Amino acid sequence: MTLYSRVRPLAFKLPAETAHTLGKRALRAAQSTWLTRAALASNYRYAHPALETELFGSRFPNPVGVAAGFDKNAEVTHALEALGFGFVEVGTVTPYPQAGNDRPRLFRLRTDEAMINRMGFNGQGMERVRARLERRGPPQVPLGVNIGKMNSSDEDEAIEDYRRVFDRLAPFADYVVVNVSCPNTPDEFDEASPDHLHSIFETLAAENDDDVPILVKIGPDSPEDSMLELLGIVEDHDLDGIVATNTTTGREGVNSPKAAERGGLSGAPLAERSTEVIRTLARNADDDLPIVGVGGVDSAEGAYEKIRAGASLVQLYTGFVYGGPGTARRINQGLVDLLEQDGFSSVEDAVGADLE
Ligand SMILES: Cc1cc2nc3c(=O)[nH]c(=O)nc-3n(C[C@H](O)[C@H](O)[C@H](O)COP(=O)(O)O)c2cc1C
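Computed from a predicted structure; not experimentally measured. (Residues numbered from 1 in each chain as written. Predicted model: local features only at pLDDT ≥ 70, side-chain atom pairs only at ≥ 80, totals over all residues. Heavy atoms only, no water.)

**Description of a negative patch on the surface**
Judged by side-chain charge, D154, E155, D156, E157, D187, E188, D190 and D195 come together as a negatively charged surface patch. Here the negative patch takes three residues from helix α6 (residues 155-169), the largest share from any one element. By the element assignment, D156 lies in helix α6. (Patch = residues over 30% accessible without salt bridge, like charges linked within 9 Å, V, L, I, M, F, W, Y side chains within 5 Å. Areas by Shrake-Rupley, 256 points an atom, 1.4 Å probe, with all protein chains shown as cover. Salt bridge = Lys/Arg side-chain N within 4 Å of Asp/Glu carboxyl O. Lys, Arg positive; Asp, Glu negative; His and termini not counted. Charge placed at Lys NZ, Arg CZ, Asp CG, Glu CD. Helix = DSSP H or I, 4+ residues; strand = E, 2+ residues; numbered from the N terminus.)

What follows is the structure, given as structure tokens:
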């Protein structure tokens with residue numbers, strides 16, 4: 001029995017957001033000294049040459065990362081690295097601090113191994129995040145920065161929001177993700193409309209003197225023709241990749257009574273749909289367009305399925321909440337076995353294997 005399997009029933013008695021805050025506090029304490037970080041790493045980090053991947057000009061020690069939303073303000077990047085994640089995506093970061101929606105706004109659907117959230121881009125804003133990244137330095141694994149707009153911004157202000165956050169945080173990022181797929185921001189205008197996306201990416205390209213890789217994060221709920229249209233935009237602007245997917249507004253495969261809560265659904269019930277999106281993108285994209293697969297990954301098999309469907313990297317949030325600190329190690333160890341079983345010498349060799 002692991003420590004987490006003993007702590008989890010207690011943590012799950014608390015409201016989900018309270019448990020999350022306490023968990024992060026524990027991670028902050030754990031990363032605060034070299035010795036505690038080393039102790040975490042020796043328990044949880046797992047390295048194997050087959051897991052190493054070169055992407056976006058960076059070396060990823062393994063393909064299993066932490067998805068946006070877990071560490072919105074870049075407070076625990078070093079602890080997440082010590083827990084064996086191959087990369088960490090912080091954010092969504094907005095230009096100014098923002099309170100987000102009223103609580104409760106995060107719900108566990110335990111029997112479904114899922115969560116629903118309507119956080120609404122709560123966060124400390126880009127200056128606090130920048131100061132923290134400056135002070136603490138980046139983790140030793142690649143760092144993604146996911147950027148967003150203020151809830152109150154109209155279409156033109158939104159573009160300025162992305163520009164400002166990009167300007168302040170791109171110098172610290174190994175890649176930047178433009179998040180236009182949060183189901184919990186106000187519906188003032190269509191964030192994912194082609195015109196809006198063109199304006200965002202034109203604006204960011206003009207700011208991007210250092211050629212920081214730029215990706216876009218999409219939702220799982222759009223029809224195939226909009227996804228293909230998005231691929232066109234990605235290619236027009238020479239973007240570096242797609243993160244697929246964000247949470248869903250759908251409730252398919254969910255039995256918990258909490259399914260009625262408003263917000264984005266994540267975790268196990270999202271897994272198949274997000275893999276389908278990855279497959280559609282990989283089938284239709286230029287050969288070398290990297291896809292970061294996210295949605296319901298909670299096991300080596302789930303990660304491998306997304307890799308074989310075309311994801312070069314995977315991320316998780318909900319699977320980490322349910323699986324605890326040993327999650328990255330367990331998935332990475334399992335991935336090595338699955339690669340060996342199928343005769344692949346590396347993750348890179350298995351990317352898109354199911355598409356042939
Ligand atoms: C509580 C919570 C907050 C999230 N916040 C963000 C966010 O700020 N930005 C973002 O791009 N995605 C956010 N996400 C979405 C995750 O990054 C991920 O795309 C989604 O949860 C599916 O992955 P999972 O099934 O592994 O959780 C959030 C998810 C959860 C559960």
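**Focus on the site of the ligand**
Around the ligand, the surrounding shell holds 24 residues, and the nearest of these are A68, T92, G267, G296 and T318. One of the side-chain nitrogen or oxygen atoms of K217 is found 2.8 Å away from an oxygen atom of the ligand. At 3.0 Å from an oxygen atom of the ligand is found a main-chain nitrogen or oxygen belonging to Y317. When isolated, the ligand has an accessible area of 600 Å², and the protein chains bury 98% of it. Sorting the residues of the shell around the ligand by element identifies β4 (87-93), β6 (114-117) and β11 (264-267) as the ones contributing at least two each. Taken together, the residues of the shell around the ligand break down into eight nonpolar, 14 polar and two charged. (Near = heavy atom within 4 Å. Polar contact = N/O pair within 3.5 Å; in protein donor to acceptor, adjacent residues only side chain to side chain. Nonpolar A, V, L, I, M, F, W, Y, C, P; charged D, E, K, R; others polar.)

**As for the packing of helix α5 (residues 126-136) against α6**
One way to put it is that α5 packs onto α6 with a least axis distance of 10 Å and a crossing angle of 10°. With respect to their mutual orientation, α5 and α6 come out roughly parallel. Of the two elements, α5 crosses α6, and the hand of that crossing is right-handed. For the pair α5 and α6, the contacting residues are M126, E127, V129 and R130 in the first and R164, V165, R168 and L169 in the second. Considered class by class, the residues forming the contact of α5 with α6 number four nonpolar, no polar and four charged. (Axes fitted to C-alpha atoms, helices over the stretch in contact; angles between N-to-C directions. Parallel < 35°, antiparallel > 145°, perpendicular 65-115°, else oblique. Left-handed = near helix turned anticlockwise from the far one by under 90°. Contact = heavy atoms within 4.5 Å.)

**Describing the packing of aromatic side chains**
Under the defined criterion, the tally for this structure stands at eight aromatic pairs. Residues F12 and Y322 carry aromatic rings whose centres are separated by 5.6 Å and whose planes lie at 85° to one another, so their mutual orientation is edge-to-face. Taken as a pair, F12 in the loop between α1 (3-11) and α2 (16-31) and Y322 in helix α11 (residues 318-323) lie far apart in primary sequence, 310 residues in all. For the pair shown, F12 and Y322 are each scored as buried. Between F56 and F60 the ring centres are 6.2 Å apart and the planes differ by 70°, which places this aromatic pair in the edge-to-face class. Each member of the pair, F56 as well as F60, carries the same accessibility label: buried. Three or more aromatic residues joined by ring pairs form one cluster here, namely F56, F60, F87 and Y175. (Phe/Tyr/Trp six-rings, centres within 6.5 Å; stacked < 30°, edge-to-face > 60°. Buried < 20%, exposed > 50% of the residue type's maximum accessible area, 1.4 Å probe, protein only.)

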